[in-house]
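Structure assessment
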Amino acid sequence: MAAIQPMTQEQVLDAYESLRERSNRMLEWARLEDWDSLVNEESRYVIEVERLSKLDPGLSLDVTQQERKAELLEQILEQDMEIRQRLVERRDALSELIGVSQRKRDLNRAYRPLGKVSHLPKGRT
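All chains use their own residue numbering, which begins from 1 and follows the written sequence. The predicted nature of this model means local features are confined to residues of pLDDT at least 70 and side-chain atom pairs, given and counted, to a pLDDT of 80 or more, with totals for whole chains, interfaces and linings taken over all residues. The basis for the side-chain values is all heavy atoms of the structure; hydrogens and waters are excluded.

1. Topic: the packing of helix α2 (residues 35-55) against helix α3 (residues 63-111)
Across the interface, α2 lies against α3 with an axial gap of 13 Å and an inter-helix angle of 140°. Classified by the interaxial angle, the pair formed by α2 and α3 is oblique. For the pair α2 and α3, the sense of crossing is left-handed. From α2, W35, L38 and Y45 reach across to α3, where they touch I76, I83, R86, L87 and R90. Among the residues forming the contact of α2 with α3, the class breakdown is six nonpolar, no polar and two charged. Helix axes use the C-alpha atoms of the stretch in contact, all axes being lines fitted to C-alpha atoms, and the angles between their N-to-C directions lie in the range 0 to 180 degrees. Runs of E in the DSSP output that reach at least two residues are strands. Runs of H or I that reach at least four are helices, and both are numbered from the N terminus. For classification, angles of less than 35 degrees are called roughly parallel, those exceeding 145 degrees roughly antiparallel, those between 65 and 115 degrees roughly perpendicular, and all remaining angles oblique. For any helix crossing, the convention is left-handed if the near helix is rotated counterclockwise from the far helix by under a right angle, and right-handed if that rotation is clockwise. Throughout, a contact is declared for two residues whenever any of their heavy atoms are within 4.5 Å. Residues are grouped as follows: Ala, Val, Leu, Ile, Met, Phe, Trp, Tyr, Cys and Pro are nonpolar; Asp, Glu, Lys and Arg are charged; all remaining types, including Gly, are polar.

Following this line, the structure appears as structure tokens:
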């Protein structure tokens, strides 16, 4: 496994910019309700976050660079909040669909014709 090369300040800011752009794409997929694309994008996002978390510590940024990093992180967090809200809405919609499906199944079981019941002895239908 190759050693991780230290990043320059500009490379760190570029990496945060890349994260913001990926977060923006994730938000767009969530808004379009394209859940498969969102999950695929999120997988790549997590890999980038993990990589950046290993490279960023200990790197000193000047005040301007710190402000830029803070702006990027704030934008990422705002996008993340909307993505999470849309995922909660999707979860709730799926839960409702599951509940409706279960109620239909239960009603079908309760009201199916007696002729289909196989546990009664012959002659007692």
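This is not the end of the story, as more comes after the structure.
2. What about α2?
Here α2 contains 21 residues, and its C-alpha end-to-end distance of 30 Å stays within 8% of the 30 Å for a straight helix at 1.5 Å per residue. Type-normalised accessible area, obtained with a 1.4 Å probe on protein chains alone, sets the label of each residue: buried when under 20%, exposed when over 50%, and partly exposed for intermediate values. Along α2, the residues classified as buried are W35, S37, L38, E41, Y45, E48, L52 and L55. Within α2, the buried residues cover an arc of 140° as seen down the axis, which keeps them to one side. What points out from α2, more than 90 degrees from its buried face, is the exposed set D36, I47 and K54. Buried residues along α2 sit in contact with α1 (9-31) and α3. Helix span is expected to be 1.5 Å times the residue number reduced by one. Our arc is simply the arc of the directions from the helix axis toward the C-beta atoms.

3. Side note on the confidence of the model for the protein chain
As a per-residue quantity, pLDDT reports the predictor's confidence and falls between 0 and 100. Confidence in the prediction of the protein chain, expressed as mean pLDDT, is 86, and 86% of residues score 70 or more. Mean pLDDT values for the elements of the protein chain range from 91 in α3 up to 94 in α1.

4. Structural notes on unusual backbone geometry
Leaving glycine aside, a negative phi is the common case for residues, and trans is the common case for peptide bonds. Non-glycine residue E33 carries a positive phi angle of around 60°. Secondary-structure assignment places E33 in the loop between α1 and α2.

5. Comments concerning the pattern of salt bridges
Within this document, salt bridges are pairs made up of a side-chain nitrogen of Lys or Arg and a carboxyl oxygen of Asp or Glu, the two lying within 4 Å of each other. Using the criterion set out here, one finds 14 salt bridges in the structure. We note a salt bridge from R68 to E71, for which the minimum N-O separation is 3.4 Å. Taken together, the residues R68 and E71, both in helix α3 and three residues apart, mark about one turn of the helix. Judged by relative accessible area, which is 32%, R68 ranks as partly exposed.

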